[in-house]
Structures are given as structure tokens and as C-alpha cells.
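Summary of the model geometry
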Amino acid sequence: MSDIAKNSADLQGKTIGGLPIDRLAHLILIREIEDFLYTEMDVLDNREFERWLEFFSDDLRYWMPMRKNLAFRDHHHDITGPDDAAWIDDDKNILTKRVKQILTGIHWAEEPLSRVSHIITNVRIDRSITALAEGEEVEVKSGFLVHRNRLETETDFLAGRRIDILRRSGDSFLIAKRTIVIDQSVLLAKNLTFFF
Amino acid sequence: MNARVKLVDRQAGIVSREIYVSEELYQKERERVFGKAWLYIGHESQIPDSGDFILSRMGEESVIMTRARTGEVQVMLNSCRHRGMRVCRYDEGHTEKFYCPYHGWSYNLDGSLAHVTEYEREYKEQGFDHSQWGLIKAKVAVVRGTVWATWDPDGDFDSYLGGARQLLELSFVGWDGEGAVEVVGSTQKWQIPSNWKIVAENFAGDMLHVVSHRSVDIVGIGPNTESGRRDASHTAQYVQAGYAEGHASVVGFYNDTDPRRDYSASKITAEYFQDCYAKRKRVLGDQALISPAVGTIFPNMSFHGNQPRTILVAHPVSVDKTEMWRQYFVDRDAPREVKDFLRKYYLRYSGPAGLTEQDDMENWNYATNASKGFMARQFPYNYAAGIGNETTTNRLPGATVEVNGQGELHGRSMYGKWAEFMGEADHV
């Protein structure tokens, strides 16, 4: 259990400078989660792909559904469901193979490597959550802007949202599930050899 | 482009780069190939009920595939007869009519004109004939649930397919040899900077591009032991089949005495396959031992019949841009675990994120790009592999066969037919 979690029960109802302590604990937790997500993207953009895999739990589902153009009455279903086709539906094993494929040095779609930058923003969790016990999970929403430039002039911009399930692990987290939703129905990038 | 240049020399296996990069030839293709050929539209399982529809494409143009009140599948141009607006802009759905959002004309599920705005006041007196102003309809044919259409009123699908019908029959029947298949939900759609023919040709049976997939073969994504990208537990002889109609395929002939251990990474899937395969042999006899691995029905419908089981249509967008539409297939009545296992295998194999397909696209895109130049386009591509090795087999009626399976009969078949469609046959 983290220090925050141990202390938060004792501090229920107390304030500092007029601010409720459980509210402060919530903000500290968000800051800790943001730091985790930003570090993860630093590692990825630095192309430390094997280290990046360590951010994920072994029971991972890494899922990137597709979007469709549907009538207004159906627009709540315009993200493909869990049994439907998708852009990506990986477990940890297959995500690891994607990394190993890049590391062969003959994965032609990423040889030479693309230049990729991730901007992660709009990080949010449920307001009532102040701490996570070991193994406890929280849903984290975030927005992303991914820029990929490759070889001479190939450039892709993808904007979208992620929903992560983060699991407390010691003084850090593991990502147990990542859902990636982009704002395109016809994918305008020629491939998805980069990660989110 | 010099019109006297021989664009396709089928006998010598020489194809001009102009056919991949010339804007002038691309404009001709829109009419002479995509305006006449039979094109894959979709699968019947996408529109099970009367009123269901999906959007598809014929060449660059948007078409609607519906199931009309009669239960018949209809394919029509998605453009209002009044002022051209798309009457449908939903990828899929269920409706009674298609309403044009511009001036309000509406159309029935069979494409017939239902309503004209201000008909009573502005059209009735002059004797406006509704029957002349329905959506433009294509001629439709269905094989094992796969729906095809052509703008050619004289188009005959049987003669168009020729012997290649056998490939579709074997690929899109259930594993048990008689059941139905269905599309796994939604269609992947993405755009790549490649000429469409390079895509179609690759799937027609290019067996020499093993080096492209070396990296996925090393990491292993196969549904058996995760070595390679497909099951390799059975022995089969693979041949190239080329048809005078322009279609081509790589076809496996299995050894009947060899045990099949497909999909053994999943016990449920492996058992389901074993049961189905035993039944397939009873239903189809020797045909059960024939397995189309990959192929292309001219011009742009490509399929894998087995692992993965999928259709890819290379829709032209412009001379150097292609919109890829990929669908995946499972047996309709398979257990849910089987469907899920296959779905995950398909998605790691194919599509823009597929560990196999990613490397294909890199080649197609940069081959297109590197063929555009003033110097580059003067020098033709070479499709000579295996010339002289052609024969025939009674297992594939109507096909020319390259028994070593490593030739380029696929390209010679496809481009030979392409030249005929383009009116370039006298140069062949």
C-alpha cells in the first residue's frame, strides 16, 4: 500500500489551508498517474521498446477499435465492439512480438525507424478516488496527439482518446487494459507500425 | 506516354511501368476496367434482413448494397439522379428508403424513385416518368454469399469467372464443406500511396516475396505453434494457377494421408477444425484436399482461402492512391471461442496493423513512388519467372498451372487480361 493510501484514511475530513485533504490526495494521485503516463510516452518516443513493454501487465488487452459512420440514432455505437474486427486487438504476447519484430532490423515498414512524438493530455480519473491499494485498478482517460514522420516526407497525425485501466503495483502502476479510439473511419495512415 | 509502346508482353513476361504511373492510362482504366469488369461488393451476411444496407465501392465510385423487400440483393450508384448528392452517407444501417438531403428526392430499397419534391405542382402535368429516374443499378451475381456487380449490361458472371469459380466455392464455403461463412463485423478501410494493381498482383500469387516477411516469420504469429505466420504441420504441394480470364491463385494440394493439426494453439479451435475437415472430405471428396491459399479475381478482389480467411479489395482512388478494404471470415455456426481465436489471429496477420501486411505495403508504396520518374518509367518490370514451366492439371479445370509454385504466372495472367480490357491486346 502506498503512503498516500495508508494516510488517506486517517486524514478523512481534515483540511489544509481550507482545502479538504481527500481532495488534495485526489490531485496528488492524478499527478502521479500523469507522471506515469508521460514517462511511458518518453520511453516510447525514445524508442526504448523493450522497456516500454514493462509498463503493461501480463494480462494486458491492448485494443484499438475502429470507427464507423452511422445514423444519429446509432451514433453511440460508432466504435466497433469487443467481438468485432478492430485495428488492433493484442494480448501482451502479441504486443511483445510487435516489439521483437522491430528489433529484428528487417521489419521493412519500420526500417529505418519512424520518428514519433506523443502528446498526452486531458488526463482524468473519477473525482472520488484518493488512493489505490496494491492491485487496485482505476480507469484513466486521456487524449493524445501522435505525430509520425518517416523516411523523407511521410507524415501522419492521429488524434484521439485512450481509456486505460491502471493497476497499482508498488510505488508505480501497470497498464492492464488500453483502449485507443481515433477520429478516423478510413484510416489515413498507411499503417499502424507505431504505438499509442 | 507513347501509345505505340508495348505495355504488356505476356509471352516475354515484360510489363511497362507506365501502367502503374500514367495518369492517362489510369483515366482509361476507370472506364475500360472498372466500368466493365465484375467487381466484389460485399458479403450477404452483412445485410441479412430486408432493409439492411452497406456502402461499398465500384472503382472510385460509392455504391449502396441493399437487401430489397423481395429478399434480393441490389447494388446501385450512391448518387441522386436529380443533382448528384450522395443519398446514403452511413457505412451501414437499416432503412425503408434513401432520402437525398439536398432536394428531398427519395428512393426505395431496390433503387426505384419513390418521391420527387413538388411532384404535384411541378412535374405531374408534364407526365414525369418515375421509372426513368431511379438510382443507377448494377447487374448483380452471388457466389457462396460473395456479392459481385458490373455496370456492363451484357456481363455474364459465369464466363467472367471461368474456372476460377472453383477457388471461390472452396474458399467461401464453411470448413465443413457445406455451411455458410460470415463477415467478422466491420470492414477495415485505409488508404495507401500505391497503384491498385501492385496490390492486386501481389495477392494474385506472388510467391517470391518471402524476404518481405522474414521479420514476422522470425517472431512467429502462426495459429499453431507460433512459428512462422501460418500452420506448417501438414505437407502440401503449392502450385500457381493462372486463368485466361485474368484471375490467378496459389493453390495447395494436401496429402490425404497426412494428419491435419491446424489451429492447435487453441484446443477448441483445433477440435472444431478436425470435425469440420472430416466432414469436408465426406461432402467434397477429393476437392477437400484442394486449398486456395491466396488469389485475385480480376481486377481487384483478392482473397486468402485459409489462413487468414479474408477478402481485400484494392479500390482505386487515383493513379497513386488505393483504398484498401479488408474483411475477415469465419464459419457462421462456429462456436464463439473459435470465432474469437480466428478474429485475433486475422487481426495480428492482416490490415494496417497486421505484422505481415505492414511490410507488404512498404514495398507497394515505394515501388509506386520509385517508378514515377522520367528515367524509371522507361524501364519495364520483369515477370519472367517460370516461363516454360506451365502445364495443366485436372484438379484445376480451366487453369494454366506452374507446378514449382514460384513463378510469375500470376502477373502474366493478370496483365494479359488487363491489356485486353484496355484495348491494348494488339500490342500483347
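Cut-offs applied
- Numbers given to residues run from 1 along each chain, matching the order in which its sequence is written.
- Each chain takes a letter, starting from A, and each ligand takes a number, starting from 1, following the order in which they are written.
- Reporting of local features is limited, given that this is a predicted model, to residues whose pLDDT is at least 70; pairs of side-chain atoms are given and counted only at 80 or more, and all residues count toward the totals for whole chains, interfaces and linings.
- Hydrogens are left out, water is left out, and the side-chain values use all remaining heavy atoms of the structure.
- The pairing criterion is simple: DSSP has to find at least two bridges between the two strands.
- Segments assigned H or I by DSSP are reported as helices when at least four residues long, segments assigned E as strands when at least two residues long, and all are numbered from the N terminus.
- Fitted lines through C-alpha atoms serve as axes, helices being fitted only where they are in contact, and the angles separating the N-to-C directions of these axes extend from 0 to 180 degrees.
- Contacts between residues were defined by any pair of non-hydrogen atoms, one from each residue, lying within 4.5 Å.
- For every residue, the accessible area obtained with a 1.4 Å probe (protein chains only) is divided by the maximum for its type, and the residue is called buried under 20%, exposed over 50%, and partly exposed between those limits.
- Pairs of N or O atoms within 3.5 Å make up the polar contacts considered here, provided that, within protein, one atom can donate a hydrogen while the other can accept it, and that residues adjacent in sequence are counted only when both atoms are side-chain atoms.
- Put plainly, a pocket is an open set of points on a 1 Å grid over the protein atoms alone with protein on both sides within 12 Å along at least five of seven lines, a cavity is a set where a 1.4 Å probe fits but cannot get out, and a lining residue has an atom within 4 Å of a point.
- Grid points are joined across faces, edges and corners, and a volume is the space filled by probe spheres set on the points.
- Each residue receives one of three labels: charged for Asp, Glu, Lys and Arg, nonpolar for Ala, Val, Leu, Ile, Met, Phe, Trp, Tyr, Cys and Pro, and polar for the others, Gly being one of them.

Details of the sheet that holds strand β4 (residues 88-91) of chain A
All names here are of chain A. Taken in spatial order, the six strands line up as β4-β3-β8-β7-β6-β5 in an open sheet, and their pairing is mixed. Taken across any chain shown, the strands that pair with only one partner, and hence form the sheet edges, are β4 and β5 (115-124). Going across the sheet, the axis of each strand differs from the next one's by a mean of 20°, ignoring polarity. As paired strands, strand β3 (residues 56-64) and β4 are joined by four bridges and run antiparallel to one another. When the sheet's bridge partners are listed, Arg61 is paired in β4 with Asp91. Contacts from helix α4 (residues 92-103) reach β3 and β4, with the element oriented near 105° to β4.

Quick look at the side chain of A:Arg168
Residues and elements named next belong to chain A. Note that Arg168 resides in strand β7 (residues 154-169). The class for Arg168 is buried, based on a relative accessible area of 2%. Side-chain polar atoms of Arg168 contact the side chain of Glu32, separated by 2.9 Å.

Remarks on the sheet that holds strand β2 (residues 14-15) of chain B
Residues and elements named next belong to chain B. What the three strands build is an open sheet, ordered β1-β2-β21; its pairing is antiparallel. Of all the strands in the sheet, the pair left with one neighbour each is β1 (8-9) and β21 (381-382). Here two bridges tie β1 to β2, and the two strands are oriented antiparallel to one another. Counterpart to Asp9 in the pairing with β2 is Ile14.

Regarding the layout of surface pockets
All names here are of chain B. Looking at the largest pocket, its volume works out to about 690 Å³. Those elements that place two or more of their residues in the lining of the largest pocket are α6 (196-203), β15 (236-243), β16 (248-254), β17 (290-297) and α10 (357-370). With three residues, β17 is the largest single contributor of residues to the lining of the largest pocket. Considered as a void within the structure, the second largest pocket measures approximately 600 Å³ in volume. Lining the second largest pocket are 36 residues, and of these Leu55, Asp91, Thr187, Lys189 and Trp325 sit closest to its centre. Looking at the lining of the second largest pocket, the elements that each hand over two or more residues are β3 (39-43), β4 (52-58), β5 (61-67), β7 (92-94), β19 (309-318) and β20 (321-331). Its residues assigned to classes, the lining of the second largest pocket shows ten nonpolar, 13 polar and 13 charged.

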